[in-house]
Every structure is written in C-alpha cells, then in structure tokens.
Amino acid sequence: MPTRIDLITIINAPIEICFDLSRSIDLHQHSTQQTHEKAIAGRTTGLIGLNEFVTWRATHFLITKVNF
C-alpha cells in the first residue's frame, strides 16, 4: 500500500523572494559549505534563469562528483 507524506512549510515572505532564493546559486553554495559544493560551469553566480545551466562539483561520502 502506498504511503503519502504531506509536508507544509509556512514562510513569512513574498512569493517572489522565495522563488528568487530557490534559484540563487550563491545561496546554494553558502548553504552547502560543509560539502564544498561549487558551481564550476554555466551560470556560476547570481540567479539561474530559463534555458541556463549550472554544473556543480561536490564531495559526498568522500567521493567528488560533478553534476550537470
């Protein structure tokens, strides 16, 4: 039988600010300092936009990986 989990997060901020923070490369790098994630190609700073890409390099479980 499938299990369903509903998660509701209430954020006291305008939707435009939440949307921009969700596509902020700088905020993502700041929030993942412990894994040393770094944008290495494509859009590497600022807000990613439509038809743009970012390539990330990060280390998880002692393995360095590049994700497109």
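Below: a short report on this structure. (Residues numbered from 1 in each chain as written. Predicted model: local features only at pLDDT ≥ 70, side-chain atom pairs only at ≥ 80, totals over all residues. Heavy atoms only, no water.)

Looking at the overall build of the chain
The test is simple: The helix count covers DSSP runs of H or I at least four residues long, the strand count covers runs of E at least two residues long, and both are numbered beginning at the N terminus. In this description the radius of gyration comes from C-alpha coordinates, and the expected globular size is given by 2.2 Å times residues to the power 0.38. Any two residues whose heavy atoms approach within 4.5 Å at even a single point are treated as in contact. Areas reported as accessible are Shrake-Rupley estimates using a 1.4 Å probe. Residue values count occlusion only from the protein chains shown. The sign given to each residue is positive for Lys and Arg and negative for Asp and Glu; His and the chain ends receive no count. All charge positions are set by atom: Lys at NZ, Arg at CZ, Asp at CG, Glu at CD.
From N to C terminus, the chain includes two helices and three strands. The globule rule puts the C-alpha radius of gyration for 68 residues at 11 Å, and the 15 Å found for the chain is more than 25% above it. Counting only C-alpha atoms, the chain reaches 35 × 35 × 25 Å along its principal axes. Of all intrachain contacts in the chain linking residues separated by at least 6 positions in sequence, the fraction that spans at least 24 positions is 17%. Total accessible area on the chain stands at roughly 6000 Å², and carbon and sulfur atoms take up 62% of it. Charge centroids of the chain, computed over 6 positive and 6 negative side chains, lie 9 Å from each other.

Brief notes about the side chain of Thr-35
Selection rule: Throughout, exposure labels follow a simple rule: accessible area from a 1.4 Å probe, protein chains only, divided by the maximum for the residue type, with under 20% read as buried, over 50% as exposed, and the rest as partly exposed.
Relative to the helices and strands, Thr-35 resides in the loop between helix 2 (25-31) and strand 1 (38-42). Its relative accessible area of 14% is what places Thr-35 among the buried residues. Contacts of Thr-35, omitting those with residues within four sequence positions, involve Ala-58, Thr-59 and His-60.

Topic: a nonpolar patch on the surface
What counts is decided by this rule: Exposure above 30% relative accessible area and no salt bridge define the residues that can form patches, which grow by joining like charges within 9 Å and nonpolar side chains of Val, Leu, Ile, Met, Phe, Trp and Tyr within 5 Å. Any carboxyl oxygen of Asp or Glu that lies within 4 Å of a side-chain nitrogen of Lys or Arg is treated as forming a salt bridge with it.
A surface patch of nonpolar side chains, amounting to about 260 Å² of accessible area, comprises Ile-17, Leu-21 and Leu-27. Mapped onto the secondary structure, Ile-17 falls in helix 1 (residues 15-22). We classify Ile-17 as partly exposed; its relative accessible area is 44%.

A word on the environment of Arg-57
Counting through the fold element by element, Arg-57 comes out in strand 2 (residues 54-60). Taking C-alpha positions, Arg-57 is 8.0 Å from His-36, a pair spaced 21 residues apart along the chain. Setting aside chain neighbours within four positions, we find Arg-57 in contact with His-36, Glu-37, Lys-38, Ile-40, Thr-64, Lys-65 and Val-66.

Describing the environment of Ile-11
For Ile-11, the position within the fold is in the segment before helix 1. Since its relative accessible area comes to 52%, Ile-11 is described here as exposed. Taking C-alpha positions, Ile-11 is 34 Å from Leu-62, a pair spaced 51 residues apart along the chain.

These results come straight from atomic positions and should not be treated as a statement about function.
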